[in-house]
Amino acid sequence: MDNKQLKSTNHITYQQILCYFIIFSVIGLIIETIFCYLTTGVIESRKGLIWGPFCPVYGVGATILIVSLHTYQEKPMTLFLIGCILGNVIEYGMSYLLEAYYGTRFWDYSYYGFDINGRVCLLYSIYWGVLSVILIRYIKPKVDKLIKKIPNQKKLYITIIVLFVLDGLATIWAITSYQKRIGTKLEQNQETANQTVWQKVKTKIEETLFSDKIMVKTFPNLRYVDKDGNQYYIRDIIGNE
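The structure displayed is predicted, hence computed values, not measured ones.

Rules used throughout
Residues numbered from 1 in each chain as written. Predicted model: local features only at pLDDT ≥ 70, side-chain atom pairs only at ≥ 80, totals over all residues. Heavy atoms only, no water. Helix = DSSP H or I, 4+ residues; strand = E, 2+ residues; numbered from the N terminus. Expected span 1.5 Å × (residues − 1). Bend = angle between axes of the 7 residues up to and from the residue. Buried < 20%, exposed > 50% of the residue type's maximum accessible area, 1.4 Å probe, protein only. Contact = heavy atoms within 4.5 Å. 1 Å grid on protein atoms, 1.4 Å probe; cavity = no way out; pocket = protein on both sides within 12 Å on 5 of 7 lines; lining within 4 Å. Points joined across faces, edges and corners; volume = space filled by probe spheres on them. Nonpolar A, V, L, I, M, F, W, Y, C, P; charged D, E, K, R; others polar. Axes fitted to C-alpha atoms, helices over the stretch in contact; angles between N-to-C directions. Parallel < 35°, antiparallel > 145°, perpendicular 65-115°, else oblique. Left-handed = near helix turned anticlockwise from the far one by under 90°. Core = buried A, V, L, I, M, F, W, Y, C linked by side-chain atoms within 4.5 Å. Phe/Tyr/Trp six-rings, centres within 6.5 Å; stacked < 30°, edge-to-face > 60°. Salt bridge = Lys/Arg side-chain N within 4 Å of Asp/Glu carboxyl O.

Attention shifts here to helix 5 (residues 122-148). Between its first and last C-alpha, helix 5 extends 37 Å over 27 residues, near the 39 Å set by a 1.5 Å rise per residue. Bending of helix 5 peaks at approximately 50 degrees at the position of Ile 139, with proline Pro 141 no more than four residues after it. Residues of helix 5 that are buried include every one of Tyr 124, Ser 125, Trp 128, Gly 129, Ser 132, Val 133, Leu 135, Ile 136, Lys 140, Val 143, Asp 144 and Ile 147, and no others. Turning to helix 5, the residues buried within the fold contact helix 2 (14-40), helix 3 (56-69), helix 4 (76-102) and strand 2 (120-121).

Dropping the structure here:
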């Protein structure tokens, strides 16, 4: 009997974790897009990265849920209750970290009621619980079968990781430069007049790769926070120009 046969069925490998993250980041984008259309009648981008078709919040959330809850597969009520709590922790943490880094919120549930600082709410807590049950009992087994068909090649996984990292870094650069550019326009900042040659070249590259048109289309719900703490949808600022 080889090592693979000796492994416990509950054991989750690093390759599986990476695949879970990728697969559920894509599924999350599809879910978000459909949900947006059903609730608003509008088809708009729900991407979390500038280039790839991914919504990493779902990838991170689903992966953490699977790693934490897969041993409770035969206990649906336990899955639901722990899923409610763990989902809230994940969502609150992601919201806080994203706001701390970018200075703006990517979602706000304060209009739903029964919320905590607008980062999580009762309605989505229930969603997390239901999602946990469906994810562990029905979706994970099918995804595991799919993962087994993926070639277990080190170069493949390294390539995927590198591409994700590059996309993530590009996204940070894009959003940071975009918000700075909008802030300069909104507050009529004249610092661009004193830019060095390198800064002007960098600005030109940013305006080409991450133009207002591209950014509004990719991240339509991004907000700008002014020096007084007021938040504005960037799409509205650009639309009023």
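Another point: the layout of surface pockets. Each pocket or cavity is described by its volume, and for the largest pocket that value is around 1500 Å³. If you trace the largest pocket, you find 48 residues lining it, with Glu 32, Cys 55, Tyr 58, Trp 107 and Tyr 109 closest to the centre. Sorting the residues of the lining of the largest pocket by element identifies helix 2, helix 3, helix 4, helix 5 and helix 6 (154-186) as the ones contributing at least two each. Of the residues contributing to the lining of the largest pocket, the split by class is 32 nonpolar, 8 polar and 8 charged.

Okay, the packing of helix 4 against helix 5 next. In contact at an axis separation of 7 Å, helix 4 and helix 5 are set at 125 degrees when each is read in the N-to-C sense. Taken as axis vectors, helix 4 and helix 5 run oblique relative to one another. Handedness of the helix 4/helix 5 crossing: right-handed. Here Pro 76, Leu 79, Phe 80, Gly 83, Cys 84, Gly 87, Asn 88 and Glu 91 of helix 4 lie close against helix 5, whose contacting residues are Tyr 124, Ser 125, Ile 126, Trp 128, Gly 129, Val 130, Ser 132, Val 133, Ile 136 and Arg 137. Here the residues of the contact of helix 4 with helix 5 sort into 10 nonpolar, 6 polar and 2 charged.

In terms of nonpolar packing, the biggest core is built from 31 residues, with Tyr 20, Phe 24, Leu 65, Ile 66 and Leu 135 touching the most fellow members. Beyond its immediate sequence surroundings of up to four residues, Leu 135 is in contact with Phe 24, Ala 62, Leu 65, Ile 66, Lys 140 and Pro 141. Of all hydrophobic cores here, the second largest spans 14 residues; its members include Tyr 178, Phe 210, Tyr 224 and Ile 234.

Let's shift gears to the packing of aromatic side chains. Aromatic ring pairs are defined here through the distance separating the ring centres and the angle between the ring planes. Throughout the structure, instances matching the rule amount to 9 aromatic pairs. Ring geometry for Tyr 109 against Tyr 124: centres 4.3 Å apart, planes inclined by 15 degrees, an arrangement best described as stacked. One end of the pair, Tyr 109, is in the loop between helix 4 and strand 1 (115-116); the other, Tyr 124, is in helix 5, and 15 residues separate them in sequence. Residue classification places Tyr 124 among the buried positions, given a relative accessible area of 13%. On the numbers, 5.2 Å between centres and 80 degrees between planes, the contact of Trp 173 with Phe 210 is edge-to-face. Here Phe 210 lies in the loop between helix 7 (197-209) and helix 8 (212-218) and Trp 173 lies in helix 6, a separation of 37 residues in the sequence. Looking at Trp 173, the relative accessible area reads 34%, which means it is partly exposed.

For an α-helix, 3.6 residues make a turn, and residues three or four places apart therefore share a direction. For helix 3, with 14 residues, the first-to-last C-alpha span of 19 Å sits near the 20 Å given by 1.5 Å per residue. Of the positions making up helix 3, those classed as buried are Pro 56, Val 57, Gly 59, Gly 61, Ala 62, Thr 63, Leu 65, Ile 66 and Leu 69.

Moving on: the pattern of salt bridges. Counted according to the given criterion, the structure contains 5 salt bridges. Here Arg 46 and Glu 44 are joined by a salt bridge, their closest N and O atoms 3.3 Å apart. Judged by its relative accessible area of 23%, Arg 46 falls in the partly exposed class. Among the salt bridges present, the one from Lys 202 reaches Glu 206, with a minimum N-O distance of 2.7 Å. Taken together, the positions of Lys 202 and Glu 206, both in helix 7 and 4 residues apart, correspond to about one turn of that helix. For Glu 206, a relative accessible area of 8% puts it in the buried group.

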